[in-house]
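Residue-level listing of the chains:
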Amino acid sequence: MSHGFELEGHGAAPTQPAGGVLGMLLKLQDRVNKAVLLLSMLAMLAACAILTGSVFLRYYFKAPTDWQDEMSVFLLVGAMFMCGAYVQSQRGHIGIEALAGFFSPVANRWRVLFCDVASFAFCAFFTWKTWSMLHEAFVEGHTTSSSWAPPLWIPYGLMTLGMTLLTLQILLQIFTSLSNKGTSK
Amino acid sequence: MSVGAIGLLYGLGTLLLMFSGMPIAFALGGIAVIFMFIFMPGASLDTVTLNVYEEMANITLLSIPLFILKGAAIGKSRAGADLYLAIHAWMHKIPGGLGIANIFASALFAAMSGSSPATCSAIGSAGIPEMRARGYSQRFAAGIIAAGGTLGILLPPSVVMILFAVAAEQSLGRLFLAGIGPGLLLVALFSIYAAFRYKKEYKEAHGIWQDGGAKSAYLDTTELTLAEKTRMLPRVLPFVTLLIGVMIALYGGYATPSETAGLGGVLALFLIAIIYKVWRPSQLSPILTSTLKESTMLMFIIGMSLLYSYVMSYLHISQSAAEAIVAMSLSKWALLTVILLLVVMLGFFLPPVSIILMTAPIILPPLKAAGFDLIWFGVVMTIVMEMGLIHPPVGLNIFVIKNIAPDIPLKEIIWGVIPFVGLMILAVLVICLIPGIATWLPDLVFGAAGK
């Protein structure tokens, strides 16, 4: 629980190859991640404003709102899933590194590669299922069960986009890792 | 295959993936999906994403990023140093007052920011150099700050308690209030220790000086006028007002916990804009970026932990494990001891978020059956998990101290925190003997019948 606190050196982006197709793809992903991060910041501030506004509307203007919770959920769920790729690009999804010290540098490189491949496999599967869920919600017109009843393809779409970006990010990291291994031989 | 064998495989698979170094969120999600594929009907895999969305689309859980935003806004401003200086100015005459001022400042800052490491960093950056300049040993100074920071997950609003409330289906307002008494108990224990330790170190310094040795800074006295003391207050009072205002909004029935989180975030940003002139996008960007990084990492772990628990429950692993614990017919307190030791061991490797969500379905039914109040247990479990923040091998606060005072050897920091770990164990024992320390305030506000 660092709550916005970061240790020095933590969260540094991994080294990236400068040129080639992979370099271009990494730069593109980096730009997309930064744009998504900016949108997520706005979404978070909007959620704060909506929740604060609902308190004032209720007490000062006697105008209770019935949509603020769902709207905030959509904004925050969207922001969290959409930022998944950015966090992965900074290696910010924490893992237990207690055993890393027991392995040789070569074995550690293979271990990290295994972790990336396993993470990719899980995220790719999850992404596939989010696309199915989005398709079903869109085609069948699913909505939430509240009186406001907004369409569910909105949060599902954000979840799907976020997971797709995350999966691509891990794939790029695997390729980077393999390409670094190739050049270091 | 028997449920026990499946449960064993599930546990071993989890350990294997987690200790490979795979991100915790993906390891939990991955092992859940593998077991769904092997042991559950094919259709269950089609709803895996829906399960995660439905668990996460909970406004109480989603108040966590907003509480983190409030903590990051306050943590990245100069509020911590100002708070510390003001409290020190008013307490410097008390024996050990400097150390106690650090503990009080940590408690207040923790309550405002809800974060242990941010508290360590904010109060420690000003407090550790000041304590060392006044002759405090480096291990004493480091211990005070590391331990003071742990109050962050006990005093409301605490992210750990939000998760416990969701996992144990308990009232969040009640749980927040239940943390206050034990939080104050820890503040008192830490302060008493600080006063005793100060006297010991003062005596040693005095002895050395009397024997013709160097005069320690311990023996210097500081005098501050009332005007100097009063000048410290204007920058601190708005943040204390924020703390009180948020509590009034929550407990006065004006706002729900999620609205309080949103309100707290807005007010914290407003205050740092007015007081510290932090309002430009370039100044706000690091605050929002670190909030999103932390929140995203946490919410992924939470979402996947909930999927992990769902699979455990579907395969009857958690129910069987809970039944097995009940069948051991342990006495009430033996059961509690075993469970708390398990939490301590898990705390060596896992963040509190995962510990709560992974263990809640297994440990809460036996505790409930043994007659424990789950609100009370939530507080005790939080203190035990707090210990994980200051004891090796993970001990995040130890590394925060190392980061802000790199010249203090790690060994000194660890020796410095050990007495405080002892005090926390003592606090757990006191709360076991006198449960009212935790339950009195929530019972007073909500009524005992509301349990």
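Residues numbered from 1 in each chain as written. Chains lettered and ligands numbered in written order. Predicted model: local features only at pLDDT ≥ 70, side-chain atom pairs only at ≥ 80, totals over all residues. Heavy atoms only, no water.

Draft legend 1. Examining the overall build of chain B more closely. Counting its regular elements, chain B contains 23 helices and zero strands. Scaling as 2.2 N^0.38, a compact globule of 451 residues should have a C-alpha radius of gyration of about 22 Å, and chain B matches this with 23 Å. The C-alpha extent of chain B, read off along each of the three principal axes, is 80 × 50 × 45 Å. Every one of the 451 residues in chain B was classed for burial, and the buried ones make up 59%. (Helix = DSSP H or I, 4+ residues; strand = E, 2+ residues; numbered from the N terminus. Rg over C-alpha atoms; globule rule 2.2 N^0.38 Å. Buried < 20%, exposed > 50% of the residue type's maximum accessible area, 1.4 Å probe, protein only.)

Draft legend 2. Layout of the overall build of chain A. What chain A contains, in helices and strands, is five helices and zero strands. Reading the helices (α) and strands (β) of chain A from amino to carboxyl end gives α-α-α-α-α. When burial is assessed residue by residue, chain A has 47% of its 185 residues classed as buried. Taking the intrachain contacts of chain A between residues at least 6 apart in sequence as the baseline, contacts between residues at least 24 apart amount to 74%. Accessible surface, chain A as shown: approximately 9300 Å² in total, 70% of it carbon and sulfur. (Contact = heavy atoms within 4.5 Å. Areas by Shrake-Rupley, 256 points an atom, 1.4 Å probe, with all protein chains shown as cover.)

Draft legend 3. Structural view of unusual backbone geometry. Residue and element names in this part refer to chain B. Cis geometry is found at the peptide bond from P156 to P157, where omega equals -5°. Following the sequence through the fold, P157 ends up in the loop between α9 (138-149) and α10 (159-168). Positioned with a positive phi, H316 is a non-glycine residue whose angle comes to about 60°. Positionally, H316 belongs in the loop between α16 (281-314) and α17 (317-327). Judged by its relative accessible area of 44%, H316 is partly exposed.

Draft legend 4. The pattern of salt bridges, seen in detail. Tallied over the entire structure, the rule returns eleven salt bridges over all chains. A salt bridge links R58 of chain A to E259 of chain B; its shortest N-O distance comes to 2.7 Å. With one member in each of two chains, R58 of chain A in helix α1 (residues 20-60) and E259 of chain B in helix α15 (residues 257-276) form a pair that bridges those chains. On the basis of relative accessible area, R58 of chain A is assigned to the partly exposed category, the value being 24%. E259 of chain B sits in the buried class, given a relative accessible area of 1%. Close ionic contact of K129 of chain A with D46 of chain B constitutes a salt bridge, the shortest N to O distance being 2.7 Å. Linking K129 of chain A in helix α4 (residues 105-139) with D46 of chain B in helix α3 (residues 42-46), this pair reaches from one chain into another. Judged by relative accessible area, K129 of chain A falls into the buried class, the value being 7%. (Salt bridge = Lys/Arg side-chain N within 4 Å of Asp/Glu carboxyl O.)

Draft legend 5. View of the packing of aromatic side chains. Residue and element names in this part refer to chain B. Following the criterion strictly, the structure yields 26 aromatic pairs over all chains and no others. Their ring planes at 50° and their centres at 6.2 Å tell us that F164 and F377 sit as a pair that is tilted. Here F164, found in helix α10, pairs with F377, found in helix α20 (residues 374-390); they are 213 residues apart in sequence, far enough to count as distant. Summarising the burial analysis for this pair, F164 and F377 share the class buried. (Phe/Tyr/Trp six-rings, centres within 6.5 Å; stacked < 30°, edge-to-face > 60°.)

Draft legend 6. Quick peek at the confidence of the model for chain A. Summary statistics for chain A give a mean pLDDT of 87 and a share of 88% for residues scoring 70 or more. Ignoring residues within four places in sequence, the model shows residues 1-12 of chain A, a span with pLDDT below 50, making 41 contacts including any to other chains. (pLDDT = per-residue confidence, 0-100.)

Draft legend 7. Seen up close, the interface of chain A and chain B. Contacts between the two partners involve 65 residues from chain A and, on the opposite side, 71 residues from chain B. Of the roughly 6000 Å² buried between chain A and chain B, counting both surfaces, carbon and sulfur atoms make up 77%. On inspection of chain A and its partner chain B, the count reaches two salt bridges. At the surface where chain A touches chain B, the tally comes to nine residue pairs in polar contact (both at pLDDT 80 or more). Only α1, α2 (68-82), α3 (84-89), α4 and α5 (153-184) of chain A provide two or more residues apiece to the side of chain A that touches chain B. Residue composition of the side of chain A that touches chain B, grouped by class: 41 nonpolar, 17 polar and seven charged. (Buried area = accessible area lost by both parts, 1.4 Å probe. Polar contact = N/O pair within 3.5 Å; in protein donor to acceptor, adjacent residues only side chain to side chain. Nonpolar A, V, L, I, M, F, W, Y, C, P; charged D, E, K, R; others polar.)

Draft legend 8. Spatial organisation of a nonpolar patch on the surface. Together, F56, L57, Y59, Y60 and F61 of chain A together with I244, I248 and Y254 of chain B make up an exposed nonpolar region whose accessible area comes to about 840 Å². Elements with a minimum of two residues in the nonpolar patch: α1 of chain A together with α14 (237-251) of chain B. Mapping Y254 of chain B onto the fold places it in the loop between α14 and α15. With a relative accessible area of 41%, Y254 of chain B lands in the partly exposed category. (Patch = residues over 30% accessible without salt bridge, like charges linked within 9 Å, V, L, I, M, F, W, Y side chains within 5 Å.)

Draft legend 9. Structural detail: the packing of α14 of chain B against α15 of chain B. Residues and elements named next belong to chain B. It is the contact of α14 with α15, at a shortest axis distance of 10 Å, that shows an interaxial angle of 165°. Regarding the angle of α14 to α15, the classification is roughly antiparallel. Where α14 crosses over α15, the handedness of that crossing is right-handed. Across the interface between the two elements, P238, F239, L242, V246, A249 and L250 of α14 pack against P257, T260, L263, G264, L267, A268, L271, I272, I275 and Y276 of α15. Classifying every residue of the contact of α14 with α15 gives 14 nonpolar, two polar and no charged. (Axes fitted to C-alpha atoms, helices over the stretch in contact; angles between N-to-C directions. Parallel < 35°, antiparallel > 145°, perpendicular 65-115°, else oblique. Left-handed = near helix turned anticlockwise from the far one by under 90°.)

Draft legend 10. Local environment of the side chain of T49 of chain B. Among the structural elements, T49 of chain B can be located in helix α4 (residues 48-56). Once you skip the residues sitting within four places of it in the chain, T49 of chain B turns out to touch F126, K129, T130, M133 and M159 of chain A.

Draft legend 11. Expanded view of the environment of P155 of chain A. Secondary-structure assignment places P155 of chain A in helix α5. Linking P155 of chain A and L76 of chain A, residues 79 residues apart in sequence, is a C-alpha distance of 9.4 Å. In this structure P155 of chain A touches F74 of chain A together with Y53 of chain B, once residues within four positions along its chain are discounted.

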